[in-house]
Amino acid sequence: MHIYPGPDPKQAIMGSLGHLNVCKYDATQCPNKCGAQIPRIMMTDHLQYTCTMRRTKCEFCQSEFSGAGLEEHNGTCGQEPIYCEAKCGQRVLRGRMTVHKSKDCAKRLRRCLHCNREFSADTLALHVNQCPRVTIVCPQRCDIGPIPRADMDAHLRDECKSLAVACTFKEAGCRFKGPRQLLESHLEANAAAHLSLMVALSARQGQQIQMLKSAVSKLSINYTGTLLWKITDWSVKMSEAKGKDGLELVSPPFYTSQYGYKLQASMFLNGNGPGESTHVSVYIKVLPGEYDALLKWPFSHSITFTLFEQGCQTGQGGVAESFVPDPTWENFQRPSNEPDQLGFGFPRFISHEMLHRRPFIKDDTVFLRVKVDPSKIVAV
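Residues numbered from 1 in each chain as written. Predicted model: local features only at pLDDT ≥ 70, side-chain atom pairs only at ≥ 80, totals over all residues. Heavy atoms only, no water.

1. What about the overall build of the protein?
Counting secondary structure elements, the protein contains 10 helices and 21 strands. The buried share among the 380 residues of the protein stands at 30%. Pairs at least 24 apart in sequence give 41% of the contacts found in the protein among residues at least 6 apart. When the accessible surface of the protein is split by element, carbon and sulfur atoms take 53% of a total near 24,700 Å². (Helix = DSSP H or I, 4+ residues; strand = E, 2+ residues; numbered from the N terminus. Buried < 20%, exposed > 50% of the residue type's maximum accessible area, 1.4 Å probe, protein only. Contact = heavy atoms within 4.5 Å. Areas by Shrake-Rupley, 256 points an atom, 1.4 Å probe, with all protein chains shown as cover.)

Below, the structure written as structure tokens:
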């Protein structure tokens, strides 16, 4: 059996101290005496880039500084190119920035010499081309000097003697067009002709108005076969009916369909015939229509008159009367002219006593419906 002696502790300590003297991760004092403790492996970089006591040069002005001095110098060097503070897009040496902003920068403010407003230098030329206070020559080359652009329209409209203007009766048909100074003499010399033109224009406008009225009238015509007739100012009209015999109210005309019969309802508020002074009488008459030549005669559709009660809580009440025309009745033959006959209906449609006993009149208004039974419509 052999026994090996263990390591000598003293030799181990001496060996460890010797390693520290060369260990690349051991921190040592910076040789420039900046006070930093730097691992040996990073010492070269420290001496070259971060040591505050190193000697170095500014890359822009080439002046020599200590590391600490260079940090203070950075951001202030007049030779460093930087972007313009006005955001014109140019890079300028910091030392020339003040001159650039006052003389060269495209975003510097410049005052328009005409309107005294300020614009950036790169938009001033565009403004001058549109500035309302810039003076320009009249496009008609009249003898008035340059005029501010903003006043040119008024000059051409009211003052320019060289501008060719149309006669004030142009819309009536006068074809004169010439210098402004000749317009007055033209008007004096052609008064009679202008009067004739205005008369002709008035006639044409009258025809146009009638055509428009006719078109509007057609648009407002009822083609549903049902007329809901609203009669207002009932008390005034009733008083007038009692004081004037035979006073008849007539409804707007309506059609049974788009190309059907033309009808009109009428009402005698104080009655007619056997209903005079006691009842309201209602009638229907056939009017000449646009499509009568294509329709079947005599008129044979059933007609229902309904006078509505107003404000009923349990549904729409009222009084209704209906009839189916007899083909032998003259009232329902094809009308050749505006009919003078009374029409056909009910002289005792509703009594005055019932009219006031039940809520047929409200807000001095009554509603009468005249309905053509669609099941009786005769095909063209």
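2. Notes on helix H5 (residues 121-128)
If you check which residues of H5 are buried, you get Ala 121, Leu 124 and His 127. Looking straight down H5, one finds that the buried residues subtend no more than 90 degrees of arc, so they occupy a single side. Exposed side of H5, more than 90 degrees from the buried face: Ala 125 and Leu 126 are the residues found there. (Arc of directions from axis to C-beta.)

3. Describing the sheet that holds strand E18 (residues 303-308)
With antiparallel pairing, the four strands of this open sheet are ordered in space as E13-E21-E18-E19. The open sheet has two edge strands with one neighbour each: strand E13 (226-231) and strand E19 (318-323). The average angle at which neighbouring strand axes cross in this sheet is 15 degrees, direction not considered. Sheet analysis places E18 next to strand E21 (residues 366-372), joined by five bridges and oriented antiparallel. Bridged to Ile 303 within E21 is Val 372. (Pairing = 2+ DSSP bridges. Axes fitted to C-alpha atoms, helices over the stretch in contact; angles between N-to-C directions.)

4. As for a nonpolar patch on the surface
On the surface, Tyr 25, Ile 41 and Met 42 cluster together into a nonpolar patch covering about 350 Å² of accessible area. Along the chain, the position of Ile 41 falls in the loop between strand E2 (37-39) and helix H2 (43-50). (Patch = residues over 30% accessible without salt bridge, like charges linked within 9 Å, V, L, I, M, F, W, Y side chains within 5 Å. Salt bridge = Lys/Arg side-chain N within 4 Å of Asp/Glu carboxyl O.)

5. A closer look at the side chain of Ser 120
Mapping Ser 120 onto the fold places it in strand E8 (residues 118-120). In terms of polar contacts, Ser 120 uses its side chain to reach the side chain of Asp 122, at 2.6 Å. When neighbours within four sequence positions are excluded, Ser 120 is seen to be in contact with Ala 106, Lys 107, Arg 108 and Leu 109. (Polar contact = N/O pair within 3.5 Å; in protein donor to acceptor, adjacent residues only side chain to side chain.)

6. Digging into the pattern of salt bridges
Evaluation of the coordinates by the stated rule reveals eight salt bridges. For Lys 107, the salt bridge identified is with Asp 122, shortest N-O distance 3.0 Å. Linking Lys 107 in the loop between helix H4 (97-104) and strand E7 (109-111) with Asp 122 in helix H5, this pair joins segments that are 15 residues apart in sequence. Look at Asp 122 and you get partly exposed, because its relative accessible area is 40%. Notably, a salt bridge pairs Asp 158 with Arg 157, separated by 3.3 Å at the nearest N-O pair.

7. Structural notes on the environment of Cys 84
With respect to the helices, strands and loops of the structure, Cys 84 is situated in the loop between strand E5 (81-83) and strand E6 (91-93). Measuring from C-alpha to C-alpha, the distance between Cys 84 and Lys 101 comes to 7.8 Å, with 17 residues separating the pair along the chain. With residues up to four places along the chain from it excluded, the contact list for Cys 84 reads Gln 90, Met 97, His 100 and Cys 105.

8. Points about the environment of Cys 51
Checked against the element boundaries, Cys 51 lands in the loop between H2 and strand E3 (55-57). The exposure class of Cys 51 is buried, given its relative accessible area of 0%. Distance from Cys 51 to Pro 31, taken between C-alpha atoms, is 10.0 Å for residues 20 residues apart in sequence.

9. Here we look at the packing of aromatic side chains
Under the counting rule described, the total for this entry stands at 14 aromatic pairs. Each ring, one from Phe 299 and one from Phe 332, has its centre 5.8 Å from the other, and the planes form 25 degrees; the classification is stacked. Of this pair, Phe 299 sits in the loop between strand E17 (279-287) and E18 while Phe 332 sits in the loop between E19 and strand E20 (344-351), placing them 33 residues apart in sequence. Residue Phe 299 shares its accessibility class with Phe 332, and that shared class is buried. (Phe/Tyr/Trp six-rings, centres within 6.5 Å; stacked < 30°, edge-to-face > 60°.)

10. Focus: the nonpolar core
By size, the foremost hydrophobic cluster in this structure holds 35 residues, and its most contacted members are Trp 234, Met 267, Ile 284, Ile 303, Phe 305, Leu 368 and Val 370. Sorting the residues of this core by element identifies E13, helix H9 (234-243), strand E16 (262-268), E17, E18, E19, E20 and E21 as the ones contributing at least two each. Among the nonpolar cores identified, the runner-up in size contains nine residues, and Cys 138, Ile 147, Leu 163 and Val 165 belong to it. (Core = buried A, V, L, I, M, F, W, Y, C linked by side-chain atoms within 4.5 Å.)

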